[in-house]
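Remarks on the overall topology
Each chain, written out:
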Amino acid sequence: QYPEGTGTTFTPILEHTINKYSLSVAYRFNDILSDNNNLSIGLRYNFNQLHSYEKILTVFVNEFNYASGFVLGLVYSLNENQNKIGIHLKSGCSFHISNVENNNLDIDTIGNAYAIQAQMPEWIEKTPYELCFEGLFQLDDDLQVSAFLSNIFWGEIDRTILTNQFDISSSLIFNFNKSISG
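Rules behind the numbers
- Residues numbered from 1 in each chain as written.
- Predicted model: local features only at pLDDT ≥ 70, side-chain atom pairs only at ≥ 80, totals over all residues.
- Heavy atoms only, no water.
- Helix = DSSP H or I, 4+ residues; strand = E, 2+ residues; numbered from the N terminus.
- Buried < 20%, exposed > 50% of the residue type's maximum accessible area, 1.4 Å probe, protein only.
- Polar contact = N/O pair within 3.5 Å; in protein donor to acceptor, adjacent residues only side chain to side chain.
- Contact = heavy atoms within 4.5 Å.
- Pairing = 2+ DSSP bridges.
- Axes fitted to C-alpha atoms, helices over the stretch in contact; angles between N-to-C directions.

1. Observations regarding the side chain of S146
- Looking at the secondary structure, you find S146 in strand β10 (residues 143-153).
- A relative accessible area of 17% means that S146 is categorised as buried.
- Among the polar contacts listed, one links the side chain of S146 to the side chain of S171, at a separation of 2.6 Å.
- Excluding anything up to four places from it in sequence, S146 contacts G135, L136, S169, S170 and S171.

Structural data, given as structure tokens:
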């Protein structure tokens, strides 16, 4: 039913979408330090587009903002790619939305015109920096172990609930192809 006294309802819309466009380059150096050891370096540039859309009745604000970032990584492969260690750094980015105003003229059901002003407040959205160490080690022909250490750096941000985070994970990888045979 309608809210008391208004006779009408509406649904406000608030949408935020980030589109990421990337360009990557990588190069592999063969036989570094000894035979069958390789070093790979890679760089990815990210161009991010933030689209913000707010609408109440016929009043809307439509804003685009852009930010860029990068990922830089190194992988050292030992013994013909059976063992690998790597590190990568992912940069954060900041979206800065300035004050946006949009004036619209709306006509009510009686035919009276009234002006409504919509304004999106100024805000800044940040993504964190991330530093990761990774390893993949061959224990035997059918078994590998992987390890992943990650630290997320939020830096200075207004939200007190976001703190730097440290993550450790690992896994065992077992090859079933040779073990299961008829």
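2. Remarks on the sheet that holds strand β9 (residues 129-140)
- Strand order in this open sheet of seven strands is β1-β2-β3-β4-β9-β10-β11, and the pairing throughout is antiparallel. Strands with a single pairing partner mark the edges of an open sheet, and in this sheet they are β1 (13-29) and β11 (165-174). Averaged over neighbouring strand pairs, the angle between their axes works out to 15 degrees when direction is ignored.
- Relative to β11, β10 is paired through 10 bridges, and the arrangement is antiparallel. For L143, the partnering residue across the bridge sits in β11 and is F174.

3. Brief notes about the environment of G92
- Examined against the element boundaries, G92 turns out to sit in the loop between β4 (83-90) and β5 (94-97).
- Residue classification places G92 among the buried residues on the basis of a relative accessible area of 13%.
- Residues G92 and F153 lie 61 residues apart in sequence; the distance between their C-alpha atoms is 8.8 Å.

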